[in-house]
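These are the residues of each chain, in order.
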Amino acid sequence: MLYDDIIQRWPSTEELAGILGAIKLNDTVLFEKASELFSEVVDPEVAHEEDPSKEDCDRCNMAFSEWVLFDYDLGLGYSVLERMAHMDASLVDFVTTQFFSRFWVISQDPEHDVSVLRDLRTHEDFEVHSHHIANQPRWATGTLGTRLACVNDEWRSVGRLSLHDNAASEPGPASAYPMGRGIHDRYAFIENVRLLYGHEGDLRDTILSVETYV
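It should be emphasised that the depicted structure is a prediction, and the values quoted were computed from it without experimental measurement.

Draft legend 1. Main features of the overall build of the protein. Counting its secondary structure elements, the protein contains seven helices and seven strands. Of the regular secondary structure in the protein, the N- to C-terminal order runs α-α-α-α-α-β-β-β-α-β-β-β-α-β. Computed over C-alpha atoms, the radius of gyration of the protein comes to 17 Å, within 12% of the 17 Å expected from 2.2 N^0.38 for 214 residues, which places it in the range of a compact globule. Judged by the C-alpha coordinates and their principal axes, the protein covers about 50 × 45 × 30 Å. For the protein, restricting intrachain contacts to residue pairs at least 6 apart in sequence, the fraction spanning at least 24 positions comes to 67%. A total accessible area of about 11300 Å² is found for the protein, and carbon and sulfur atoms account for 52% of it. On the protein, the mean spot of the 17 positive side-chain charges and the mean spot of the 39 negative ones are 2 Å from each other.

Next comes the structure, spelled out in structure tokens:
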């Protein structure tokens, strides 16, 4: 069967959770190495608190889970999901287009659950279908860190952790390209988590809101 004949799809939340659970259960060495690396790079603030809140612990765990699934290099340059796409060709579009970045929220249309996000790095615009983003009016200012992916020409927010800060930032001019394709940088997410959640993170005081959702 040709690749073009394979219907592309979005993985379910349960499917992703199952993959992560299988790694934790069946490959404990890999999971422990990933945990050690995450702790070393991020140095989470919760690890320095005597009595961290459950909410802060949950958010840190969620950040670790997202990083392991989407960005952690299992070896030979492949992430968990990239290996998964080799076994299930219906996930190729999802896996090859996903990326994390920080964005300016240019516009929000809550009636149609659509927002236009502009990438801080490339100034490319993305029309994103997300009820959550479109219905957060306070996100119109500052910057939003989130993960996007595109399947069947539709961009969605696919991470379960969105990081919004109130650091002063005015949207830059739009790129000459009408809509972007994104740049997958394995280090973008964990570096963002370090800046916002790390013990010595430079942006910890700018956090306006952290949203977790399915």
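Still more to cover.
Draft legend 2. Spotlight on the side chain of Gln 98. Position of Gln 98 relative to the elements: it lies in the loop between helix 5 (92-97) and strand 1 (99-109). Exposure remark for Gln 98: the relative accessible area of 3% places this residue in the buried category. Apart from the residues within four sequence positions on either side, Gln 98 is in contact with Phe 70, Asp 71, Arg 147, Leu 148, Ala 149 and His 184.

Draft legend 3. Up close: helix 2 (residues 28-42). Taking 1.5 Å of rise per residue, the 15 residues of helix 2 would be expected to cover 21 Å, and the 21 Å separating its terminal C-alpha atoms lies within 8% of that figure. Along helix 2, the positions that sit buried rather than exposed are Leu 30, Phe 31, Ala 34, Phe 38 and Val 42. Down the axis of helix 2, the smallest arc covering the buried residues is 100°, so these residues share one side. Opposite the packed face of helix 2, turned more than 90 degrees from it, sit the exposed residues Lys 33, Glu 36 and Glu 40. Where helix 2 is buried, its residues touch helix 1 (13-26), helix 3 (54-70) and helix 7 (188-197). Looking one or two residues past helix 2, Asp 43 carries a phi angle of roughly 50°, positive in sign.

Draft legend 4. View of the nonpolar core. By size, the foremost hydrophobic cluster in this structure holds 39 residues, and its most contacted members are Ile 19, Phe 38, Trp 67, Leu 81 and Phe 94. Mapped onto this core, the elements with two or more residues apiece are helix 1, helix 2, helix 3, helix 4 (80-87), helix 5, strand 4 (143-151), strand 6 (161-165) and helix 7. Looking at which element gives the most residues to this core, the answer is helix 3, with eight residues. If sequence neighbours within four positions are ignored, Ile 19 has contacts with Leu 69, Val 80, Leu 81 and Met 84. Within the second largest apolar cluster, 12 residues are counted, among which are Phe 103, Val 105, Phe 126 and Ile 133.

Draft legend 5. Layout of helix 4. The complete set of buried residues in helix 4 reads Val 80, Leu 81, Met 84 and Ala 85. Buried positions in helix 4, seen along its axis, are confined to an arc of 135° and lie on one side of it. Elements in contact with the buried residues of helix 4: helix 1, helix 3 and helix 5.

Draft legend 6. Fine view of the packing of aromatic side chains. The full count for this structure, using the stated rule, is 13 aromatic pairs. Seen from their ring centres, Trp 67 and Tyr 72 are 5.0 Å apart, and the 50° between their planes marks the pair as tilted. Here Trp 67 matches Tyr 72 in class, with each residue buried. With centroids separated by 6.2 Å and ring planes inclined at 55°, the aromatic side chains of Phe 70 and Phe 94 adopt a geometry described as tilted. On the criterion of sequence distance, the pair formed by Phe 70 in helix 3 and Phe 94 in helix 5 is long-range, its members being 24 residues apart. The rings of Phe 31, Phe 38, Phe 64, Trp 67 and Tyr 72 are connected pair by pair, giving a single aromatic cluster.

The rules behind these values
Residues numbered from 1 in each chain as written. Predicted model: local features only at pLDDT ≥ 70, side-chain atom pairs only at ≥ 80, totals over all residues. Heavy atoms only, no water. Helix = DSSP H or I, 4+ residues; strand = E, 2+ residues; numbered from the N terminus. Rg over C-alpha atoms; globule rule 2.2 N^0.38 Å. Contact = heavy atoms within 4.5 Å. Areas by Shrake-Rupley, 256 points an atom, 1.4 Å probe, with all protein chains shown as cover. Lys, Arg positive; Asp, Glu negative; His and termini not counted. Charge placed at Lys NZ, Arg CZ, Asp CG, Glu CD. Buried < 20%, exposed > 50% of the residue type's maximum accessible area, 1.4 Å probe, protein only. Expected span 1.5 Å × (residues − 1). Arc of directions from axis to C-beta. Core = buried A, V, L, I, M, F, W, Y, C linked by side-chain atoms within 4.5 Å. Phe/Tyr/Trp six-rings, centres within 6.5 Å; stacked < 30°, edge-to-face > 60°.

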